[in-house]
Amino acid sequence: MRPTLCGLWIGDDGRVHTCTAKADGGREEQSEDFRPFAWLGAETRHEGVTLEELKGEGAFHWLAHAGSLAVFEAFFKAVRDGAPIDVLKPYESQWLLQHRTRLYADMHFADLRRCQLDIETGATEPGAFSDAKNPGDRVLAIGLHGGSRRELLTLAEETDAGEKRLLLAFNDLLREIDPDVVEGHNIFKFDLDYLRARSRRHRVPCAWGRFGLAAEFRSSRMKVAERWIDFPRCDMPGRAVIDTYLLVQLYDITAREMTAYGLKDAAVYFGITPESGQGRTYIEGSQIQHVFRQNRAEFLAYLADDLRETKGLADVLLPTYFEQARAFPTLLQEAALRGTAGKVDLLFLEEYYHARASCPAPIEIAPFEGGFTRSFREGVFQHVLHFDVASLYPSLLLQMGRNPKSDTLGVFIPLLRRLREYRMKYKQLTKTAPTAAERDEAQARQSTFKIL
């Protein structure tokens, strides 16, 4: 039995780096070799790659394993314009799928090492918005809140040398706290991107990952309802980066009640901070630098409140994605940024991989109209009946008992039955579990599996 995984990363060198939770709450890092794989539509030979012919009549009836990541990427480059090839990414999902293992499998949400991050910045021009590209604009403070520990690092002197020392102190502190998850509000577009720009200016490495590895950045986008959101994604090897600004927007897809997604507005909406603002320190953005210099206690109280509200948002919104990471071969960060269909696909692919069955190609679905609603009268309806059938659509499909034509392995119906039973079990526990913490955890699980 494998120890409980709480961090996973596959480096450019092709090594699998794992971080596991120890019985005393500590963390242990290890590494091992990785054998990446792909499904192929035709037999294609390549040095260092072994092929298996798969049973069944799916379009992808060959399975290729490479001895190393370097060999695999050379193989993919050689065949991608020829034989049909299906590669599962990120590679961490491949490894989890291969080993039929999950992150946080034997952990509760309360066992996660979580850390909230917030920064405050200043501009040279009074009242201007701070821009990391401007040489004189700086990071004034970096706040970290991990468990019962809260650290507020501040700029000792407003010089390049002072800012460099602050950035180095942040690296050391993050390494010392060693969180599984780093949480922030608008952390991708602002905090981490600002820290990256200033670190680059002072030649300070973004040493924010585990395994002695630096953070990696790339342009990314995600769809929230009808909108696309572009952001500079940051990956910290062995840790998950969670942006509550994105989670709030995902939440509001169904609620459609929020008027703004900023930290202060979201904290009031979720009841983390009273609507009156009592007990909360507020500082206008244009006054941040002035208050930093003139009233340090008020400035630090403002920073501490930002961290408190970020934690409060994550307390409410993150458990759903934590449960998804426990259920699917995916990273927590991927669970928070990836659509539902992609997660469900992972379960099917896992079954086909281990059965050594050929994978079907995606089928074309003709467009169809959705539900129809019509009122045949105008006015106030006095007598209204509402009927709610638990898991109606899954129940209808299970009653039909038919797998999709392309599902030659017959995975769909058994998997759907398992997911439905799982959901109904935890829906019941939301009412009957003995403690509030257990009821909250059950709610996170049942809501996750309702969507799936």
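Look a little higher up for the structure.
On a predicted model such as this, the values are computed, not experimentally measured, just so you know.

A few words on the overall build of the protein. A tally of helices and strands in the protein yields 13 helices and 14 strands. Its C-alpha atoms give the protein a radius of gyration of 25 Å, near enough to 22 Å, the size a compact globule of 452 residues would have. If you line up the protein on its principal axes, its C-alpha atoms span 75 × 75 × 45 Å. Every one of the 452 residues in the protein was classed for burial, and the buried ones make up 48%. Partitioning the contacts of the protein with sequence separation of at least 6, the portion at a separation of at least 24 is 64%. In the form shown here, the protein has an accessible surface area of approximately 23,700 Å², with 50% of it arising from carbon and sulfur atoms. Each charge class in the protein was averaged separately, 59 positive and 64 negative side chains, and the resulting centres sit 3 Å apart.

Side chains that are nonpolar tend, in soluble globular proteins, to be buried together. Leu-117, Leu-195 and Trp-208 are the most contacted members of the largest nonpolar core, which has 92 residues in total. Residue contributions to this core peak at ten residues, all from helix H8 (residues 296–327). In this view, Leu-195 contacts Leu-117, Ile-119, Val-139, Ile-142, Leu-167, Phe-170 and Trp-208; residues no more than four positions away in its chain are not counted. Core analysis: the second largest hydrophobic core is formed by 21 residues, Trp-39, Leu-54, Leu-346 and Leu-349 among them.

Here the focus is helix H2 (residues 91–99). The buried fraction of H2 is high, at eight of nine residues. Every buried residue of H2 is accounted for by Tyr-91, Glu-92, Ser-93, Gln-94, Trp-95, Leu-96, Leu-97 and Gln-98. Residue Arg-100 follows H2 closely and has a positive phi angle near 45 degrees.

With that settled, consider the environment of Leu-317. Tracing the backbone through its elements, the reader meets Leu-317 in helix H8. Residue Leu-317 is classed as buried on the basis of its relative accessible area of 7%. For the pair Leu-317 and Val-248, spaced 69 residues apart in sequence, the C-alpha separation works out to 7.5 Å. Setting aside its immediate chain neighbours within four residues, Leu-317 contacts Leu-247, Val-248, Tyr-251 and Phe-270.

This part is about unusual backbone geometry. Look at the link from Lys-89 to Pro-90: it is a cis peptide, with omega at 0 degrees. The topology assignment puts Pro-90 in the loop between strand S7 (85–86) and H2. With a phi close to 50 degrees, Asp-178 is a non-glycine residue in the positive phi region. Relative to the helices and strands, Asp-178 resides in the loop between helix H3 (160–177) and strand S11 (181–184). Residue class for Asp-178 comes out buried when judged on its relative accessible area of 13%.

One open sheet accounts for three strands, arranged S1-S2-S3; its pairing is antiparallel. Whereas interior strands pair on both sides, the edge strands pair on one side only; in this sheet they are strand S1 (5–10) and strand S3 (27–33). With strand direction ignored, the average angle separating the axes of adjacent strands in the sheet is 20 degrees. Its contacts with the sheet place H2 against S1, strand S2 (15–21) and S3, and it is angled at close to 125 degrees to S1.

Right, let's talk about helix H5 (residues 244–255) for a bit. Its twelve residues place the ends of H5 16 Å apart at the C-alpha level, agreeing with the 16 Å of an ideal helix rising 1.5 Å per residue. Of the residues making up H5, those classed as buried are Thr-244, Leu-246, Leu-247, Val-248, Gln-249, Leu-250 and Asp-252. Between the side-chain oxygen at the start of H5 and the backbone nitrogen of Tyr-245 there is a gap of 2.9 Å, and the oxygen is on Asp-243. Just past H5, the residue Arg-256 takes up positive phi, approximately 50 degrees.

On to the packing of aromatic side chains. Summed over the entire model, instances satisfying the criterion amount to 18 aromatic pairs. Ring centres 5.5 Å apart and planes at 70 degrees place the aromatic pair Phe-109 and Phe-322 in the edge-to-face group. Pair noted here: Phe-109 is in the loop between H2 and strand S8 (114–122) and Phe-322 is in helix H8, with a separation of 213 residues, a long-range link. Measuring from centroid to centroid gives 5.0 Å for Phe-292 and Phe-299, while their planes differ by 70 degrees, and the two rings are edge-to-face. Residues Phe-292 and Phe-299 agree in their burial class; the two are buried. Through a chain of ring-to-ring contacts, three or more aromatic side chains come together here, namely Phe-34, Phe-72, Phe-75 and Tyr-91. Note that Arg-196 overlies the ring of Phe-217, its terminal NZ or CZ placed 4.2 Å from the centroid. One residue, Arg-296, lies across the ring of Phe-292, its end atom 3.9 Å from the ring centre.

With respect to the helices, strands and loops of the structure, Thr-124 is situated in the loop between S8 and strand S9 (138–146). For Thr-124 and Met-258, which are 134 residues apart along the polypeptide, the C-alpha to C-alpha distance reads 34 Å.

Bringing the side chain of Thr-310 into the picture now. Of note, Thr-310 is situated in helix H8. Take Thr-310: its relative accessible area is 1%, and that puts it in the buried class. A polar atom in the side chain of Thr-310 sits 2.8 Å from the backbone oxygen of Asp-306. Contacts of Thr-310, omitting those with residues within four sequence positions, involve Gln-116, Glu-183, Gly-184, His-185, Thr-244 and Leu-263.

Conventions adopted
Residues numbered from 1 in each chain as written. Predicted model: local features only at pLDDT ≥ 70, side-chain atom pairs only at ≥ 80, totals over all residues. Heavy atoms only, no water. Helix = DSSP H or I, 4+ residues; strand = E, 2+ residues; numbered from the N terminus. Rg over C-alpha atoms; globule rule 2.2 N^0.38 Å. Buried < 20%, exposed > 50% of the residue type's maximum accessible area, 1.4 Å probe, protein only. Contact = heavy atoms within 4.5 Å. Areas by Shrake-Rupley, 256 points an atom, 1.4 Å probe, with all protein chains shown as cover. Lys, Arg positive; Asp, Glu negative; His and termini not counted. Charge placed at Lys NZ, Arg CZ, Asp CG, Glu CD. Core = buried A, V, L, I, M, F, W, Y, C linked by side-chain atoms within 4.5 Å. Pairing = 2+ DSSP bridges. Axes fitted to C-alpha atoms, helices over the stretch in contact; angles between N-to-C directions. Expected span 1.5 Å × (residues − 1). Polar contact = N/O pair within 3.5 Å; in protein donor to acceptor, adjacent residues only side chain to side chain. Phe/Tyr/Trp six-rings, centres within 6.5 Å; stacked < 30°, edge-to-face > 60°. Lys NZ or Arg CZ within 6 Å of the ring centre and 35° of its normal.

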